[in-house]
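# Secondary and tertiary structure notes
Read off the chains here:
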Amino acid sequence: MRPNRRLLWNVLKSALALAVVAGVGFQFYKVLTALDPADLPHDIRWGRLVPAGLLYLGAHTLWGSFWVRLLRSQGVHVGYGLGLRAYFVSQFGKYVPGKAWVIFLRVGILRPYGAHPLPVAVTATYETLTSMAAGAMLGVFLLPWLGAVPDEISGNVAALAGIAALPLVIVVLHKLVVRVASKSRGPDARPLRSPSFALLTGGLLQAACGWCLLGLSLGLTVRAVAPDPPPWTGPAFLADLAAVALSYVAGFVILVAPGGLGAREYVLTKALGFEFATALGTTKAAGLAVVIALVLRLAWTAAEVAVALGLYAWKPSRPAPAPPAAAPETSHAWGGPPPPP
(Lines give C-alpha, C1' and ligand atoms only; values in the text may rest on other atoms or scores of the structure.)
Protein backbone atom coordinates (compact mmCIF):
# COMPACT_ATOMS: atom_id res chain seq x y z
CA MET A 1 0.00 0.00 0.00
CA ARG A 2 1.37 3.42 -0.96
CA PRO A 3 2.21 5.87 1.87
CA ASN A 4 -0.56 8.31 0.88
CA ARG A 5 -3.16 5.54 0.74
CA ARG A 6 -1.95 4.12 4.04
CA LEU A 7 -2.23 7.53 5.67
CA LEU A 8 -5.69 8.04 4.22
CA TRP A 9 -6.81 4.61 5.45
CA ASN A 10 -5.46 5.30 8.96
CA VAL A 11 -7.27 8.63 9.06
CA LEU A 12 -10.48 6.97 7.87
CA LYS A 13 -10.24 4.25 10.55
CA SER A 14 -9.61 6.83 13.24
CA ALA A 15 -12.57 8.92 12.05
CA LEU A 16 -14.86 5.89 12.06
CA ALA A 17 -13.68 4.93 15.55
CA LEU A 18 -14.38 8.44 16.82
CA ALA A 19 -17.79 8.37 15.15
CA VAL A 20 -18.72 5.09 16.87
CA VAL A 21 -17.55 6.26 20.29
CA ALA A 22 -19.15 9.69 19.88
CA GLY A 23 -22.45 8.25 18.71
CA VAL A 24 -22.71 5.82 21.60
CA GLY A 25 -21.54 8.47 24.05
CA PHE A 26 -24.24 10.85 22.86
CA GLN A 27 -26.86 8.11 23.20
CA PHE A 28 -25.72 7.41 26.76
CA TYR A 29 -25.81 11.14 27.53
CA LYS A 30 -29.44 11.35 26.41
CA VAL A 31 -30.38 8.32 28.51
CA LEU A 32 -28.72 9.65 31.65
CA THR A 33 -29.96 13.24 31.34
CA ALA A 34 -33.53 11.96 30.94
CA LEU A 35 -33.38 10.65 34.51
CA ASP A 36 -33.67 12.45 37.80
CA PRO A 37 -30.19 12.36 39.43
CA ALA A 38 -31.79 10.75 42.49
CA ASP A 39 -32.78 7.78 40.34
CA LEU A 40 -29.19 7.01 39.35
CA PRO A 41 -27.12 4.56 41.42
CA HIS A 42 -24.89 6.51 43.78
CA ASP A 43 -23.81 3.94 46.38
CA ILE A 44 -21.49 1.66 44.41
CA ARG A 45 -20.18 -1.34 46.34
CA TRP A 46 -16.53 -1.07 45.35
CA GLY A 47 -15.54 -4.26 47.17
CA ARG A 48 -17.36 -6.32 44.55
CA LEU A 49 -15.56 -4.68 41.65
CA VAL A 50 -12.16 -6.05 42.70
CA PRO A 51 -13.19 -9.71 42.23
CA ALA A 52 -15.00 -8.64 39.05
CA GLY A 53 -11.68 -7.41 37.68
CA LEU A 54 -9.89 -10.56 38.85
CA LEU A 55 -12.45 -12.74 37.08
CA TYR A 56 -11.82 -10.76 33.90
CA LEU A 57 -8.09 -11.44 34.23
CA GLY A 58 -8.85 -15.12 34.87
CA ALA A 59 -10.81 -15.32 31.63
CA HIS A 60 -7.97 -13.82 29.62
CA THR A 61 -5.47 -16.08 31.38
CA LEU A 62 -7.42 -19.07 30.08
CA TRP A 63 -7.45 -17.59 26.57
CA GLY A 64 -3.77 -16.70 26.74
CA SER A 65 -2.89 -20.21 27.95
CA PHE A 66 -4.64 -21.65 24.92
CA TRP A 67 -2.51 -19.40 22.72
CA VAL A 68 0.64 -20.80 24.37
CA ARG A 69 -0.61 -24.32 23.58
CA LEU A 70 -1.13 -23.25 19.96
CA LEU A 71 2.41 -21.85 19.83
CA ARG A 72 3.84 -25.11 21.12
CA SER A 73 1.88 -27.05 18.54
CA GLN A 74 3.72 -24.99 15.91
CA GLY A 75 7.14 -25.74 17.38
CA VAL A 76 7.47 -22.40 19.23
CA HIS A 77 8.46 -23.58 22.69
CA VAL A 78 7.79 -20.72 25.10
CA GLY A 79 6.97 -20.93 28.78
CA TYR A 80 3.57 -19.93 30.07
CA GLY A 81 5.08 -16.94 31.88
CA LEU A 82 6.62 -15.50 28.72
CA GLY A 83 3.57 -16.39 26.63
CA LEU A 84 1.12 -14.73 29.03
CA ARG A 85 3.40 -11.69 29.23
CA ALA A 86 3.21 -11.30 25.45
CA TYR A 87 -0.55 -11.93 25.53
CA PHE A 88 -1.44 -9.34 28.17
CA VAL A 89 0.98 -6.66 26.97
CA SER A 90 -0.34 -7.07 23.42
CA GLN A 91 -3.84 -6.18 24.66
CA PHE A 92 -2.79 -2.53 24.43
CA GLY A 93 -2.85 -3.02 20.65
CA LYS A 94 -6.60 -3.56 20.59
CA TYR A 95 -7.08 0.12 21.37
CA VAL A 96 -5.67 1.00 17.94
CA PRO A 97 -8.44 0.93 15.29
CA GLY A 98 -8.22 -2.27 13.29
CA LYS A 99 -6.80 -4.32 16.20
CA ALA A 100 -3.89 -5.57 14.04
CA TRP A 101 -1.43 -4.15 16.56
CA VAL A 102 -2.29 -7.00 18.91
CA ILE A 103 -0.53 -9.37 16.51
CA PHE A 104 2.35 -6.96 15.82
CA LEU A 105 3.06 -6.60 19.55
CA ARG A 106 3.06 -10.35 20.12
CA VAL A 107 5.48 -10.85 17.25
CA GLY A 108 7.74 -8.07 18.53
CA ILE A 109 7.75 -9.36 22.12
CA LEU A 110 8.54 -12.99 21.24
CA ARG A 111 10.99 -12.36 18.39
CA PRO A 112 13.99 -11.73 20.73
CA TYR A 113 13.29 -15.12 22.30
CA GLY A 114 13.69 -16.97 19.02
CA ALA A 115 10.03 -17.19 17.99
CA HIS A 116 9.48 -17.02 14.23
CA PRO A 117 6.97 -14.23 13.31
CA LEU A 118 4.80 -16.45 11.08
CA PRO A 119 3.60 -19.00 13.68
CA VAL A 120 3.19 -16.23 16.28
CA ALA A 121 0.89 -14.28 13.96
CA VAL A 122 -1.04 -17.34 12.77
CA THR A 123 -1.63 -18.72 16.26
CA ALA A 124 -2.67 -15.31 17.56
CA THR A 125 -5.34 -15.24 14.86
CA TYR A 126 -6.51 -18.77 15.69
CA GLU A 127 -6.69 -17.96 19.41
CA THR A 128 -8.74 -14.81 18.87
CA LEU A 129 -11.16 -16.47 16.47
CA THR A 130 -11.57 -19.49 18.73
CA SER A 131 -12.31 -17.34 21.78
CA MET A 132 -14.80 -15.20 19.88
CA ALA A 133 -16.38 -18.29 18.32
CA ALA A 134 -16.99 -19.75 21.77
CA GLY A 135 -18.59 -16.47 22.84
CA ALA A 136 -20.77 -16.36 19.74
CA MET A 137 -21.96 -19.93 20.29
CA LEU A 138 -22.80 -19.23 23.93
CA GLY A 139 -24.58 -16.02 22.97
CA VAL A 140 -26.72 -17.79 20.35
CA PHE A 141 -27.57 -20.74 22.59
CA LEU A 142 -28.47 -18.55 25.57
CA LEU A 143 -30.65 -16.04 23.72
CA PRO A 144 -33.84 -17.41 25.37
CA TRP A 145 -32.50 -16.45 28.82
CA LEU A 146 -32.34 -12.79 27.80
CA GLY A 147 -36.13 -12.69 27.66
CA ALA A 148 -37.24 -10.11 25.09
CA VAL A 149 -34.27 -9.99 22.72
CA PRO A 150 -33.31 -6.52 21.44
CA ASP A 151 -33.62 -5.93 17.70
CA GLU A 152 -29.89 -5.14 17.55
CA ILE A 153 -29.22 -8.74 18.64
CA SER A 154 -32.06 -10.75 17.12
CA GLY A 155 -31.39 -9.24 13.69
CA ASN A 156 -27.79 -10.48 13.71
CA VAL A 157 -28.15 -14.09 14.83
CA ALA A 158 -26.96 -15.31 11.42
CA ALA A 159 -23.79 -13.21 11.74
CA LEU A 160 -23.15 -14.64 15.21
CA ALA A 161 -23.59 -18.17 13.89
CA GLY A 162 -21.06 -17.38 11.15
CA ILE A 163 -18.53 -16.20 13.74
CA ALA A 164 -19.13 -19.38 15.74
CA ALA A 165 -18.19 -21.48 12.69
CA LEU A 166 -14.99 -19.54 11.85
CA PRO A 167 -12.42 -21.85 13.48
CA LEU A 168 -13.69 -24.93 11.64
CA VAL A 169 -13.86 -23.05 8.33
CA ILE A 170 -10.32 -21.72 8.73
CA VAL A 171 -8.93 -25.14 9.59
CA VAL A 172 -10.47 -26.61 6.43
CA LEU A 173 -9.14 -23.76 4.29
CA HIS A 174 -5.73 -24.02 5.91
CA LYS A 175 -5.48 -27.73 5.13
CA LEU A 176 -6.37 -27.03 1.49
CA VAL A 177 -3.72 -24.30 1.28
CA VAL A 178 -1.11 -26.60 2.83
CA ARG A 179 -1.94 -29.35 0.32
CA VAL A 180 -1.64 -26.99 -2.65
CA ALA A 181 1.44 -25.18 -1.38
CA SER A 182 3.32 -28.37 -0.48
CA LYS A 183 3.58 -29.22 -4.17
CA SER A 184 5.65 -26.11 -4.89
CA ARG A 185 7.66 -25.83 -1.65
CA GLY A 186 11.13 -27.25 -1.35
CA PRO A 187 11.96 -30.15 0.96
CA ASP A 188 13.81 -27.86 3.41
CA ALA A 189 11.01 -25.27 3.70
CA ARG A 190 9.44 -24.60 7.07
CA PRO A 191 6.50 -27.02 7.49
CA LEU A 192 3.03 -25.54 7.31
CA ARG A 193 0.91 -26.88 10.14
CA SER A 194 -2.69 -26.37 11.12
CA PRO A 195 -4.04 -26.85 14.64
CA SER A 196 -5.55 -30.27 15.16
CA PHE A 197 -9.27 -30.68 15.59
CA ALA A 198 -8.69 -31.97 19.13
CA LEU A 199 -6.63 -28.89 20.01
CA LEU A 200 -9.26 -26.51 18.69
CA THR A 201 -12.03 -28.41 20.45
CA GLY A 202 -10.13 -28.18 23.72
CA GLY A 203 -9.55 -24.50 23.01
CA LEU A 204 -13.28 -23.92 22.52
CA LEU A 205 -14.01 -25.56 25.88
CA GLN A 206 -11.23 -23.56 27.52
CA ALA A 207 -12.56 -20.36 25.99
CA ALA A 208 -16.09 -21.23 27.15
CA CYS A 209 -14.81 -21.49 30.72
CA GLY A 210 -13.33 -18.01 30.27
CA TRP A 211 -16.70 -16.70 29.11
CA CYS A 212 -18.30 -18.16 32.24
CA LEU A 213 -15.84 -16.14 34.32
CA LEU A 214 -16.85 -13.01 32.40
CA GLY A 215 -20.50 -13.81 33.12
CA LEU A 216 -19.69 -13.99 36.83
CA SER A 217 -17.78 -10.71 36.52
CA LEU A 218 -20.81 -8.99 35.01
CA GLY A 219 -23.03 -10.48 37.72
CA LEU A 220 -20.77 -9.02 40.43
CA THR A 221 -20.79 -5.65 38.71
CA VAL A 222 -24.59 -5.66 38.52
CA ARG A 223 -24.74 -6.37 42.24
CA ALA A 224 -22.14 -3.69 42.92
CA VAL A 225 -24.13 -0.99 41.10
CA ALA A 226 -27.84 -1.84 41.27
CA PRO A 227 -29.55 -0.34 44.36
CA ASP A 228 -31.75 -3.44 44.73
CA PRO A 229 -29.89 -6.16 42.84
CA PRO A 230 -31.89 -9.15 41.65
CA PRO A 231 -31.30 -12.54 43.31
CA TRP A 232 -28.36 -14.43 41.83
CA THR A 233 -30.00 -17.52 40.40
CA GLY A 234 -29.06 -19.93 37.63
CA PRO A 235 -31.24 -18.22 35.00
CA ALA A 236 -29.86 -14.82 36.07
CA PHE A 237 -26.29 -16.08 35.54
CA LEU A 238 -27.18 -17.45 32.11
CA ALA A 239 -28.72 -14.10 31.18
CA ASP A 240 -25.54 -12.30 32.31
CA LEU A 241 -23.42 -14.78 30.36
CA ALA A 242 -25.48 -14.23 27.20
CA ALA A 243 -25.32 -10.45 27.61
CA VAL A 244 -21.56 -10.31 28.15
CA ALA A 245 -20.84 -12.77 25.31
CA LEU A 246 -22.99 -10.96 22.78
CA SER A 247 -21.66 -7.53 23.71
CA TYR A 248 -18.00 -8.59 23.70
CA VAL A 249 -18.31 -10.33 20.33
CA ALA A 250 -20.07 -7.25 18.95
CA GLY A 251 -17.12 -5.13 20.06
CA PHE A 252 -14.78 -7.55 18.29
CA VAL A 253 -16.74 -7.48 15.04
CA ILE A 254 -16.68 -3.67 14.86
CA LEU A 255 -12.99 -3.56 13.98
CA VAL A 256 -12.69 0.22 13.99
CA ALA A 257 -13.93 0.43 17.60
CA PRO A 258 -10.79 0.63 19.78
CA GLY A 259 -11.05 -2.20 22.28
CA GLY A 260 -14.71 -2.59 21.32
CA LEU A 261 -15.34 0.76 23.00
CA GLY A 262 -18.85 1.98 22.34
CA ALA A 263 -20.09 -1.06 20.44
CA ARG A 264 -19.68 -3.38 23.43
CA GLU A 265 -21.37 -0.97 25.83
CA TYR A 266 -24.24 -0.28 23.44
CA VAL A 267 -25.16 -3.97 23.02
CA LEU A 268 -24.69 -4.62 26.73
CA THR A 269 -27.06 -1.81 27.73
CA LYS A 270 -29.68 -3.10 25.30
CA ALA A 271 -29.42 -6.61 26.75
CA LEU A 272 -29.45 -5.47 30.39
CA GLY A 273 -32.25 -2.95 29.86
CA PHE A 274 -34.78 -5.73 29.31
CA GLU A 275 -33.63 -7.49 32.47
CA PHE A 276 -34.48 -4.49 34.68
CA ALA A 277 -37.42 -3.08 32.73
CA THR A 278 -40.09 -5.07 34.59
CA ALA A 279 -38.97 -3.91 38.04
CA LEU A 280 -37.83 -0.36 37.27
CA GLY A 281 -39.59 0.74 34.11
CA THR A 282 -38.00 1.36 30.74
CA THR A 283 -36.39 4.74 31.49
CA LYS A 284 -34.80 3.83 34.82
CA ALA A 285 -33.73 0.42 33.51
CA ALA A 286 -31.93 2.06 30.57
CA GLY A 287 -30.10 4.44 32.90
CA LEU A 288 -29.05 1.64 35.25
CA ALA A 289 -27.82 -0.43 32.31
CA VAL A 290 -25.68 2.47 31.08
CA VAL A 291 -24.07 2.92 34.50
CA ILE A 292 -23.37 -0.82 34.80
CA ALA A 293 -21.78 -0.93 31.33
CA LEU A 294 -19.51 2.03 32.11
CA VAL A 295 -18.48 0.70 35.54
CA LEU A 296 -17.76 -2.71 34.02
CA ARG A 297 -15.54 -1.12 31.39
CA LEU A 298 -13.62 0.80 34.08
CA ALA A 299 -13.17 -2.28 36.29
CA TRP A 300 -11.92 -4.43 33.42
CA THR A 301 -9.64 -1.78 31.96
CA ALA A 302 -8.08 -0.97 35.35
CA ALA A 303 -7.32 -4.65 36.01
CA GLU A 304 -5.96 -5.19 32.50
CA VAL A 305 -3.72 -2.13 32.52
CA ALA A 306 -2.32 -2.94 35.97
CA VAL A 307 -1.38 -6.51 35.00
CA ALA A 308 -0.06 -5.53 31.55
CA LEU A 309 2.19 -2.82 33.01
CA GLY A 310 3.48 -5.20 35.65
CA LEU A 311 4.27 -7.89 33.09
CA TYR A 312 5.86 -5.34 30.76
CA ALA A 313 8.21 -4.28 33.54
CA TRP A 314 9.21 -7.91 34.05
CA LYS A 315 12.03 -8.76 31.66
CA PRO A 316 12.50 -12.54 31.28
CA SER A 317 16.04 -13.58 30.49
CA ARG A 318 16.69 -14.27 26.83
CA PRO A 319 18.17 -17.57 25.69
CA ALA A 320 21.94 -17.53 25.39
CA PRO A 321 23.17 -17.46 21.79
CA ALA A 322 24.51 -20.75 20.50
CA PRO A 323 28.32 -20.85 20.46
CA PRO A 324 29.89 -20.73 17.00
CA ALA A 325 30.99 -24.04 15.56
CA ALA A 326 34.66 -24.73 16.18
CA ALA A 327 36.86 -24.53 13.09
CA PRO A 328 38.90 -27.66 12.28
CA GLU A 329 42.49 -27.48 13.43
CA THR A 330 45.21 -26.95 10.82
CA SER A 331 48.93 -27.41 11.31
CA HIS A 332 50.41 -25.84 8.22
CA ALA A 333 49.78 -23.47 5.40
CA TRP A 334 48.08 -26.13 3.26
CA GLY A 335 45.15 -26.24 5.68
CA GLY A 336 45.21 -30.03 6.06
CA PRO A 337 44.77 -32.00 9.28
CA PRO A 338 47.64 -32.01 11.77
CA PRO A 339 50.23 -34.75 11.27
CA PRO A 340 49.97 -37.82 13.51
CA PRO A 341 52.20 -37.77 16.61
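Residues numbered from 1 in each chain as written. Predicted model: local features only at pLDDT ≥ 70, side-chain atom pairs only at ≥ 80, totals over all residues. Heavy atoms only, no water.

## Concerning the overall build of the protein chain
The criterion, for reference: A run of H or I in DSSP becomes a helix once it reaches four residues, and a run of E becomes a strand once it reaches two; helices and strands are each numbered from the N terminus. The cut-offs for exposure are 20% and 50% of the maximum accessible area for each residue type, with area from a 1.4 Å probe on protein chains only; residues under the lower value are buried, those over the upper are exposed, and the others partly exposed. Note on definitions: a residue-residue contact is assigned when non-hydrogen atoms from the two residues lie within 4.5 Å. All accessible-area figures derive from a Shrake-Rupley calculation using a 1.4 Å probe, and residue coverage is judged against the displayed protein chains alone.
Within the protein chain, the secondary structure is distributed over twelve helices and zero strands. Across the protein chain, helices and strands are ordered from the amino to the carboxyl terminus as α-α-α-α-α-α-α-α-α-α-α-α. Out of the 341 residues belonging to the protein chain, those deemed buried represent 43%. Partitioning the contacts of the protein chain with sequence separation of at least 6, the portion at a separation of at least 24 is 75%. Total accessible area on the protein chain is roughly 17700 Å²; 70% of this is exposed by carbon and sulfur atoms.

## Description of the confidence of the model for the protein chain
Worth spelling out the cut-off: One confidence number per residue, pLDDT, is output by the predictor and ranges from 0 to 100.
Per-residue confidence for the protein chain averages 77 on the pLDDT scale, and 63% of its residues sit at or above 70. Per-residue pLDDT stays below 50 along residues 327-339; that stretch engages in ten contacts with residues further than four places along the chain or on separate chains.

## Focus: the state of the cysteines
Just so we agree on the cut-off: Our working definition of a disulfide is a cysteine sulfur pair at a distance within 2.5 Å.
As enumerated under the stated definition, the model contains zero disulfides in all. Cys 209 takes part in no disulfide bond, and the closest cysteine sulfur, belonging to Cys 212, lies 6.1 Å away. Owing to a relative accessible area of 45%, Cys 209 belongs among the partly exposed residues under this scheme. For Cys 212, a relative accessible area of 29% corresponds to the partly exposed category.

## Comments concerning a nonpolar patch on the surface
What counts is decided by this rule: Within the patch definition used here, like charges are joined within 9 Å and nonpolar side chains (Val, Leu, Ile, Met, Phe, Trp, Tyr) within 5 Å, considering only residues with over 30% relative accessible area and no salt bridge. One side-chain nitrogen of Lys or Arg within 4 Å of one carboxyl oxygen of Asp or Glu is enough to make a salt bridge.
A surface patch of nonpolar side chains, about 300 Å² in accessible area, is lined by Val 96, Trp 101 and Phe 104. Among the secondary structure elements, Phe 104 is positioned in helix α4 (residues 101-110). With a relative accessible area of 49%, Phe 104 lands in the partly exposed category.

## Quick word on the packing of aromatic side chains
What counts is decided by this rule: Two rings from Phe, Tyr or Trp (for Trp, the six-membered ring) form a pair when their centres sit within 6.5 Å of each other. Planes less than 30 degrees apart are called stacked, planes more than 60 degrees apart edge-to-face, and all others tilted.
Scanning the model with the defined rule gives seven aromatic pairs in all. Centre to centre, the rings of Tyr 87 and Phe 88 are 5.5 Å apart; their planes meet at 85°, and the pair counts as edge-to-face. On the accessibility criterion, Phe 88 (4% relative accessible area) is buried. A ring pair is formed by Tyr 248 and Trp 300, whose centres lie 6.2 Å apart and whose planes are at 45°; its orientation type is tilted. With Tyr 248 in helix α10 (residues 234-253) and Trp 300 in helix α12 (residues 282-313), this pair connects stretches of sequence that are 52 residues apart. Comparing Tyr 248 with Trp 300, the two get one shared label, buried. Among the aromatic residues, ring-to-ring pairing joins Tyr 56, Trp 63, Trp 211, Tyr 248 and Trp 300 into one connected group.

## Considering the pattern of salt bridges
Counting across every chain of the model gives four salt bridges. Glu 304 is the salt-bridge partner of Lys 94, the closest N and O atoms lying 3.0 Å from each other. Note that Lys 94 is positioned in the loop between α3 (80-90) and α4 and Glu 304 in helix α12, a separation of 210 residues in sequence. Comparing Lys 94 with Glu 304 shows no difference in burial state: the two are buried.

## With respect to α10
Basically, it comes down to this: The span one expects for a helix is its residue count, reduced by one, times 1.5 Å.
With 20 residues, α10 should reach 28 Å at 1.5 Å per residue; the first-to-last C-alpha distance of 29 Å fits that figure. For α10, the buried fraction is high: 15 of the 20 residues fall into the buried class.

## Looking at the packing of helix α9 (residues 197-225) against α10
The test is simple: Helix axes use the C-alpha atoms of the stretch in contact, all axes being lines fitted to C-alpha atoms, and the angles between their N-to-C directions lie in the range 0 to 180 degrees. The cut-offs work like this: below 35 degrees is roughly parallel, past 145 is roughly antiparallel, 65 to 115 is roughly perpendicular, and the gaps in between are oblique. Residues are grouped as follows: Ala, Val, Leu, Ile, Met, Phe, Trp, Tyr, Cys and Pro are nonpolar; Asp, Glu, Lys and Arg are charged; all remaining types, including Gly, are polar.
Between α9 and α10, the least distance of the axes is 8 Å, while the angle of their chain directions is 110°. Taken together, the axes of α9 and α10 lie roughly perpendicular to each other. Counting all contacts with α9, which are made through Trp 211, Cys 212, Leu 214, Gly 215, Leu 216, Leu 218, Gly 219 and Arg 223, the residues of α10 involved are Ala 236, Phe 237, Asp 240, Leu 241, Ala 243, Val 244, Ala 245, Tyr 248 and Val 249. Residue composition of the contact of α9 with α10, by class: 13 nonpolar, two polar and two charged.

## Comments concerning empty space enclosed by the protein
Note the following rule: Cavity: a set of points on a 1 Å grid over the protein atoms alone where a 1.4 Å probe fits but cannot get out. Pocket: an open set with protein on both sides within 12 Å along at least five of seven lines, its lining residues, like those of a cavity, having an atom within 4 Å of a point. Grid points are joined across faces, edges and corners, and a volume is the space filled by probe spheres set on the points.
Scanning all chains against the criterion turns up one cavity of 30 Å³ or more. Considering the residues around the largest cavity, the lining is formed by Arg 264, Glu 265, Leu 268, Ala 293, Leu 296, Arg 297 and Trp 300. Looking at the lining of the largest cavity, the elements that each hand over two or more residues are α11 (263-280) and α12. Among the elements that take part in the lining of the largest cavity, α12 stands out by supplying four residues, more than any other. The class makeup of the residues in the lining of the largest cavity is four nonpolar, no polar and three charged.

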